[in-house]
Amino acid sequence: MEYPVTRLRRLRRTEAMRNLVRETHLEPGALIYPLFICPGEGIRKEIAPMPGVFNLSVDEALKEAEAAALLGIGGLLLFGLPESKDEQATGAWDEDGIVQRGLRALKQSSAAKKLVLIADVCLCEYTSHGHCGIVKQDGDDNEIENDTSVRLLARTAASLARAGADIVAPSDMMDGRVAAIRDELDEVGYDQTPILSYASKFASAFYGPFREAADSAPQFGDRRSYQMDGANLREAMREIDLDLGEGADMILMKPALPYLDVIRAARERFDVPIGAYQVSGEYSMLQAAFAKGWLDRERAMMESLLSIRRAGAGFIVTYFAKDAAKLLA
Ligand code: PBG
């Protein structure tokens with residue numbers, strides 16, 4: 001069956017033909033849109049390295065939620081910018097915290113019936129030092145304490161579930177947090193709230209712009225003692241295995257484009273829903289090229305999302321969610 005009998009170009013000749021044989025598809029319902037909720041009213045502050053992404057007060061976040069629901073987007077991933085930060089990340093687990101308030105308001109809206117509301121669970125937006133856990137000073141060294149952090153993360157998850165989160169998504173990379181969150185949720189009556197674990201999260205330069213959006217850059221050191229080394233695929237599989245063992249219902253892989261092989265490996269190995277997060281730096285990088293006219297906006301955006309899907313992600317967290325959903329409509 002060689003040329004000229006087999007001519008693969010036969011199936012590429014028309015758009016209709018290409019549509020018929022397409023192997024991978026995108027749909028708005030598989031896209032999750034991140035929102036950064038801040039205090040105040042009428043606030044819509046653009047994040048410099050992320051054109052089209054804003055810090056939104058609750059009233060403005062409601063408008064975004066309506067728009068997302070109308071476009072058929074699958075859900076929202078919520079982050080918060082608290083009024084103040086401290087060493088214990090009080091704002092993360094405060095019943096009246098910023099995301100908790102956002103969730104209560106969103107829950108009342110008609111958009112909420114169509115959207116899955118996912119609350120990111122982490123301490124970094126709420127700690128004065130910007131780390132994802134509690135810091136213990138040991139002489140000149142700073143240690144990010146695992147187990148005390150886990151207790152606060154569990155408390156945070158419970159408070160977000162009470163405020164109305166449909167799913168809680170821990171992104172801190174402390175050991176044992178999934179088990180602790182599951183225990184806590186079950187204990188306070190949220191045994192039906194799923195955990196989407198950022199099981200495979202690499203220490204990445206591509207989170208840079210997010211840290212500006214969430215005002216969460218670490219004030220000293222970096223996140224390499226808890227996020228994974230980008231060189232390690234096998235370790236990512238162990239992280240996922242452990243999180244599933246601890247009760248994670250689904251997993252999130254991150255970043256996406258630079259780690260497509262890790263997504264593919266996870267897809268082949270684990271029979272759970274898998275999402276991938278096209279992170280801030282991936283978005284900024286494309287936006288910068290669009291601004292310069294160096295890449296075609298629509299094609300590059302859709303190609304990046306399609307690649308993530310093809311690698312095996314069932315759903316994609318992306319700042320392009322609205323733009324992509326519009327094109328898919
Ligand atoms: C919180 C968190 C981060 C991101 C998602 N959750 C920041 C980080 O780990 O530094 C990054 C998302 C993005 O870059 O878009 N820990």
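Residues numbered from 1 in each chain as written. Predicted model: local features only at pLDDT ≥ 70, side-chain atom pairs only at ≥ 80, totals over all residues. Heavy atoms only, no water.

## With respect to the pairing of strand β8 (residues 167-170)
To be explicit about the condition: Remark: exposure states derive from per-residue accessible area (1.4 Å probe, protein chains only) relative to the maximum for the residue type, with buried under 20%, exposed over 50%, and partly exposed in between. Runs of E in the DSSP output that reach at least two residues are strands. Runs of H or I that reach at least four are helices, and both are numbered from the N terminus. Strand pairing is assigned whenever DSSP detects at least two bridges linking the two strands.
A two-sided burial pattern is seen for β8, the buried positions comprising Ile-167 and Ala-169 on one face and Val-168 and Pro-170 on the other. Note that strand β5 (residues 116-121) and β8 share 4 bridges and pair parallel. If you follow Asp-120 over to β8, its bridge partner there is Ala-169.

## Overview of the side chain of Arg-177
Selection rule: Here a polar contact means two N or O atoms within 3.5 Å. Within protein one must be a hydrogen donor candidate and the other an acceptor candidate, and residues neighboring in sequence count only if both atoms are side-chain atoms. Here a residue-residue contact requires only that any non-hydrogen atoms of the pair lie within 4.5 Å.
Here Arg-177 shows up in helix α6 (residues 177-187). Owing to a relative accessible area of 1%, Arg-177 belongs among the buried residues under this scheme. In terms of polar contacts, Arg-177 uses its side chain to reach the side chain of Asp-243, at 3.4 Å. Every residue in contact with Arg-177, bar those within four places of it in the chain, is listed here: Val-150, Leu-153, Pro-170, Ser-171, Asp-172, Ser-197, Tyr-198, Ala-199, Asp-243 and Glu-246.

## Looking at helix α10 (residues 280-291)
Basically, it comes down to this: Expected helix span is given by 1.5 Å per residue-to-residue step, counting one fewer step than there are residues.
A rise of 1.5 Å per residue sets the reference length of α10, with its 12 residues, at 16 Å; its end C-alpha atoms lie 16 Å apart and thus fit the reference within 8%. Of all 12 residues making up α10, 9 are buried, and the element is well covered by its neighbours. Ser-280, Gly-281, Glu-282, Tyr-283, Ser-284, Leu-286, Gln-287, Ala-289 and Phe-290 are the residues of α10 that are buried. Against β3 (50-57), α7 (208-213), β11 (274-278) and α11 (297-311) lie the buried residues of α10. Phi turns positive one or two residues past the end of α10, at Gly-293, with a value near 75 degrees.

## Let's talk about the pattern of salt bridges
Under the convention used in this document: The salt bridge criterion pairs a side-chain nitrogen of Lys or Arg with a carboxyl oxygen of Asp or Glu, the two atoms within 4 Å.
In total, this model carries 19 salt bridges according to the counting rule given. Measuring nitrogen to oxygen at the nearest pair gives 2.9 Å for the salt bridge that ties Arg-44 to Glu-64. Of this pair, Arg-44 sits in strand β2 (residues 44-47) while Glu-64 sits in helix α2 (residues 58-70), placing them 20 residues apart in sequence. Take Arg-44: its relative accessible area is 34%, and that puts it in the partly exposed class. Judged by its relative accessible area of 6%, Glu-64 falls in the buried class. The partner of Arg-224 in a salt bridge is Asp-222, with the nearest N and O atoms 3.2 Å apart. Residue classification places Asp-222 among the partly exposed positions, given a relative accessible area of 40%. What you see here is one network of salt bridges that share partners, running through Arg-44, Glu-60, Lys-63, Glu-64 and Lys-322.

In short, the description is geometric, and any link to function would need to be established separately.
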